[in-house]
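# Examination of the molecular architecture
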Amino acid sequence: MIKVTGLEFRYPKTNFCLTMPLFQANSSQASALIGPSGCGKTTFLQLISGLQTLQKGEVHIDGQTINLLSDRDKRLFRISKLGFIFQDFGLLEYLNVLDNILHPYRINHKLELTRAIKDRAKELASQLGLSDKLKRYPKQLSQGEKQRTAIARSLINQPKLLLADEPTGNLDPENKHAILDLLLNYVNEYQASLIVATHDHQLLDRFDQIVDFRTMSLETKEANVDLSL
Amino acid sequence: MLCLSLALIGFVPWFLNLALKETQKRLTARAETNALVLGSTGSALELVLNSLYFNKEMPATIPMQAVTDINKSKLAYAIPLNTFYHAGEFTIVGTSLDYFAFRKLKINQGRQIGIIGETVIGANVAAKTGLSLGDKLISSPDNVFDISGSYPLQLEITGILEKTGSADDDVVFVDVRSTWIMAGLGHGHEDIASLNDPSIIQENQAGNLVANANVKTYTVITKENLASFHFHGDESQFSLSSALVIPKNDRNATLLLGRYLGDSALQLLEPAGIVQNLLSTLFRIKRVLEAVVWIVIFSTVLTMILVFVLSLRLRSKELNLLFQLGSSRNAIAGFVFSEMAIIALGSLALASLLLILSGLFREHLIMQLIAK
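Treat the numbers as computed from the prediction; the structure is a model and nothing was measured. (Residues numbered from 1 in each chain as written. Chains lettered and ligands numbered in written order. Predicted model: local features only at pLDDT ≥ 70, side-chain atom pairs only at ≥ 80, totals over all residues. Heavy atoms only, no water.)

## Overview of the overall build of chain A
Per the secondary structure count, chain A includes 7 helices and 11 strands. In terms of overall size, chain A behaves like a compact globule, its C-alpha atoms giving a radius of gyration of 17 Å where 229 residues would be expected to give roughly 17 Å. Put simply, chain A has 229 residues, and 54% of those count as buried. Counted over contacts in chain A with a minimum sequence separation of 6, partners at least 24 positions apart contribute 69%. Separation of charge centres in chain A, based on 28 positive and 26 negative side chains, amounts to 7 Å. (Helix = DSSP H or I, 4+ residues; strand = E, 2+ residues; numbered from the N terminus. Rg over C-alpha atoms; globule rule 2.2 N^0.38 Å. Buried < 20%, exposed > 50% of the residue type's maximum accessible area, 1.4 Å probe, protein only. Contact = heavy atoms within 4.5 Å. Lys, Arg positive; Asp, Glu negative; His and termini not counted. Charge placed at Lys NZ, Arg CZ, Asp CG, Glu CD.)

## Concerning the sheet that holds strand β1 (residues 2–10) of chain A
Residue and element names in this part refer to chain A. Read from one edge of the open sheet, 4 strands run β2-β1-β4-β5, paired in antiparallel fashion. The open sheet terminates on both sides in strands that have one partner only, identified here as β2 (17–25) and β5 (64–65). With 5 bridges connecting them, β1 and strand β4 (residues 56–61) associate as antiparallel partners. Across the sheet, residue Glu-8 finds its bridge partner in β4, namely Lys-56. Lying on the sheet, helix α1 (residues 41–49) is in contact with β1, β2 and β4; it crosses β1 at an angle near 120°. (Pairing = 2+ DSSP bridges. Axes fitted to C-alpha atoms, helices over the stretch in contact; angles between N-to-C directions.)

## Some points on unusual backbone geometry
All names here are of chain A. Phi at Phe-89 is positive, roughly 75°, even though this residue is not glycine. Its place among the elements puts Phe-89 in the loop between β6 (82–86) and α3 (97–102). Despite not being glycine, Gln-191 has its phi angle at roughly 50°, a positive value. Within the element layout of this structure, Gln-191 appears in the loop between α7 (173–190) and β8 (193–197). With relative accessibility at 43%, the residue Gln-191 sits in the partly exposed group.

## Focus on helix α6 (residues 143–155) of chain A
Because each turn of an α-helix spans 3.6 residues, side chains separated by three or four positions end up pointing in the same direction. All names here are of chain A. Taking 1.5 Å as the rise per residue, α6 with 13 residues should run 18 Å; its terminal C-alpha atoms sit 18 Å apart, in good agreement. Within α6, 12 of the 13 residues are buried, which leaves the element mostly enclosed by the surrounding structure. Along α6, the residues that are buried comprise Gly-144, Glu-145, Lys-146, Gln-147, Arg-148, Thr-149, Ala-150, Ile-151, Ala-152, Arg-153, Ser-154 and Leu-155. (Expected span 1.5 Å × (residues − 1).)

## Quick look at the domain arrangement of chain B
When its domains are assigned, chain B resolves into domain 1 (2–6 + 278–371) and domain 2 (33–188 + 229–269). Using only C-alpha atoms to locate each centre, domain 1 of chain B and domain 2 of chain B end up separated by 48 Å. (Domains from an automatic or database assignment.)

## Some words on the interface of chain B and chain A
On the chain A side, the residues contacting the 12 residues of chain B number 16 residues. At the junction of chain B and chain A, the tally comes to 1 salt bridge. With its nearest N and O atoms 2.7 Å apart, the salt bridge here joins Asp88(A) to Lys317(B). Our enumeration of links across chain B and chain A arrives at 6 residue pairs in polar contact (both at pLDDT 80 or more). Broken down by element, the residue count for the side of chain B that touches chain A peaks at 7 residues, all from helix α10 (residues 316–325) of chain B. When the residues that make up the side of chain B that touches chain A are grouped by side-chain class, the tally is 5 nonpolar, 4 polar and 3 charged. (Salt bridge = Lys/Arg side-chain N within 4 Å of Asp/Glu carboxyl O. Polar contact = N/O pair within 3.5 Å; in protein donor to acceptor, adjacent residues only side chain to side chain. Nonpolar A, V, L, I, M, F, W, Y, C, P; charged D, E, K, R; others polar.)

## A few points about the packing of helix α1 (residues 2–31) of chain B against helix α2 (residues 44–53) of chain B
All names here are of chain B. As a packed pair, α1 and α2 sit with axes 10 Å apart at the nearest point and diverge in direction by 85°. Between α1 and α2, the crossing angle belongs to the class labelled roughly perpendicular. Each of Arg-26, Leu-27, Arg-30 and Ala-31 in α1 lies in contact with α2, whose residues at this interface are Leu-49, Leu-52 and Tyr-53. Tallied by class, residues from the contact of α1 with α2 come to 5 nonpolar, no polar and 2 charged. (Parallel < 35°, antiparallel > 145°, perpendicular 65-115°, else oblique.)

## Some points on the packing of α6(A) against α7(A)
Relative orientation and spacing of two packed helices are given, respectively, by the angle between their axes and the distance between those axes. Residues and elements named next belong to chain A. Where α6 meets α7, the closest approach of the two axes is 10 Å, and the angle between their N-to-C directions is 10°. Relative to α7, the element α6 lies roughly parallel. Residues Gly-144, Gln-147, Arg-148, Ile-151 and Leu-155 of α6 form the contact with α7, whose participating residues are Asn-175, Ile-179, Leu-182, Leu-183 and Tyr-186. Tallied by class, residues from the contact of α6 with α7 come to 6 nonpolar, 3 polar and 1 charged.

## Overview of the packing of aromatic side chains
Inspection of the entire model under this criterion finds 14 aromatic pairs over all chains. Seen in terms of ring centroids, Phe44(A) and Phe213(A) are 5.7 Å apart; in terms of plane orientation they differ by 65°. Their pairing is edge-to-face. Pair noted here: Phe44(A) is in helix α1 and Phe213(A) is in the loop between β9 (209–212) and β10 (217–220), with a separation of 169 residues, a long-range link. Each member of the pair, Phe44(A) as well as Phe213(A), carries the same accessibility label: buried. A ring pair is formed by Phe54(B) and Phe173(B), whose centres lie 6.5 Å apart and whose planes are at 80°; its orientation type is edge-to-face. Taken as a pair, Phe54(B) in the loop between α2 and β2 (62–63) and Phe173(B) in strand β9 (residues 171–175) lie far apart in primary sequence, 119 residues in all. By relative accessible area, which is 0% here, Phe173(B) ends up buried. Directly above the ring of Phe323(B) sits Arg78(A), whose terminal nitrogen or CZ lies 5.1 Å from the centroid. One residue, Arg329(B), lies across the ring of Phe323(B), its end atom 3.8 Å from the ring centre. (Phe/Tyr/Trp six-rings, centres within 6.5 Å; stacked < 30°, edge-to-face > 60°. Lys NZ or Arg CZ within 6 Å of the ring centre and 35° of its normal.)

## Here we look at the pattern of salt bridges
On inspection of all chains with the given rule, the structure shows 15 salt bridges over all chains. With its nearest N and O atoms 3.0 Å apart, the salt bridge here joins Arg106(A) to Asp99(A). Look at Arg106(A) and you get partly exposed, because its relative accessible area is 39%. One salt bridge in this structure joins Lys163(B) and Asp169(B), with 4.0 Å as the shortest N-O distance.

## Some details on the side chain of Thr179(B)
Residues and elements named next belong to chain B. Looking at where Thr-179 falls in the secondary structure, it is placed in helix α6 (residues 176–182). Taking relative accessible area as the criterion, Thr-179 reaches 0% and is therefore assigned buried. Each residue touching Thr-179, except ones within four places of it in the same chain, is listed here: Asn-82, Tyr-85, Ile-92, Gly-94 and Val-174.

Next up, the structure:
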């Protein structure tokens with residue numbers, strides 16, 4: 001479903017260099033990216049989503065070569081095929097829960113906001129335990145509720161790839177597992193892929209594969225692979 | 001709050017401009033007639049404002065003789081004005097029927113003043129007080145301790161004028177002799193001779209009876225007691241606040257103006273010139289105000305730019321989120337621009353609303369400013 005080959009990226013005027021000879025994740029598979037801060041986990045997610053332009057290599061997702069797409073097509077790809085989840089939730093304070101969930105449909109004409117989509121947003125909110133909080137604003141929600149709202153927003157367009165950057169970083173242990181359960185359930189149900197950048201090693205046994213950016217090694221449930229050049 | 005502050009910035013100069021234009025229109029419309037103003041020497045501006053707009057600043061008095069002299073000259077006719085008295089907040093204007101003809105005032109309800117003690121009120125007076133035909137209006141005494149001074153006189157409303165949008169709407173018109181009764185120069189009382197009551201006789205000088213304070217004086221003029229009203233003293237010396245002088249032609253106006261040039265007690269003025277001087281002062285003030293307003297607008301715009309830039313910085317995370325989710329930079333710029341446009345349009349709508357609302361009382365405000 002997603003395949004990255006020969007990736008090389010540098011930020012201008014810095015010593016930072018990210019290299020990834022091979023990364024592959026299939027449908028219904030959850031991958032964790034681990035490593036210390038500044039090692040390139042977030043950058044890797046940005047390269048996959050087309051927010052950064054790689055200098056070498058290729059990123060293939062669902063039959064499309066992302067690095068060859070135009071800016072416009074990258075945006076269309078992001079809005080239609082990707083779901084983003086952030087550590088700080090990325091909710092808009094002036095929108096209520098329902099409007100936050102529907103927000104992707106209001107910022108790009110590619111997605112058409114229909115009655116069916118609104119119903120789906122309510123159904124998602126119900127599945128995530130937010131049905132009685134649709135009219136509430138982010139400041140009226142708990143941390144767990146905010147992250148569930150952010151997840152509902154990331155799932156509204158039924159993405160084939162979910163990218164999460166420290167999705168459990170601001171949550172208590174109980175909520176961490178609950179949130180991960182929600183994401184893994186979606187991945188299994190919709191045959192999507194999940195890539196999570198995390199520092200939380202307690203959750204790693206829930207993932208199908210783990211990429212350690214410190215050693216550039218890939219650990220799957222079956223084997224350990226050295227990814228370094 | 002942002003919309004309101006922007007709206008006020010837009011509204012104030014807009015309102016000032018409109019108010020000044022309207023003030024100019026009203027001031028010049030009434031001043032640019034062929035009427036001259038005759039009054040006591042002193043402040044020409046106060047005299048003109050009192051005579052044309054019934055401004056509450058009172059000029060010194062002139063005698064009725066001044067009006068008679070003008071009429072005798074055959075160069076013009078004069079309309080007496082006495083604005084010294086009030087009925088509540090409204091100025092009582094004692095004048096003659098010529099005033100109504102000169103100002104082309106029409107009776108909307110009722111009839112014209114027939115006798116002393118009757119009044120015709122302006123449209124705004126009727127609207128504000130709710131008084132109608134046949135109702136009574138009492139003149140305010142000048143000073144409650146001045147028992148020999150002005151008398152409260154009950155006036156019967158016989159007519160209500162059509163609205164003119166001028167100072168005439170806000171005054172109470174009476175015959176000039178009614179104001180002299182208020183001044184205590186004339187009165188009506190019981191017929192001393194027919195009463196044959198010794199308690200009211202102070203002195204009997206060979207059949208010429210002088211009453212004491214026990215005699216009943218009338219505070220209401222009716223058809224029945226009208227004949228008992230009389231004036232004491234020389235009517236030609238009774239006071240007026242001013243007179244409007246209507247010359248028959250420009251030549252007569254020039255001649256009359258020349259006659260009063262050297263007069264130490266009286267002055268004859270061309271109101272248009274006086275009002276023009278006032279307007280020039282007003283417009284000088286307006287120019288200063290405009291300069292101040294422009295500086296305020298300029299500093300507001302700079303502040304708005306600062307607020308806007310700071311808000312963009314504060315919202316950079318939000319805007320970046322939109323980009324990450326799949327919105328184009330142009331679309332994001334469009335959102336931001338739309339917000340600015342909504343604020344601008346909201347402010348404009350609010351400023352327009354304020355202007356419309358202010359229009360409801362602008363006329364009243366201007367008339368009050370002129371009258372004061």
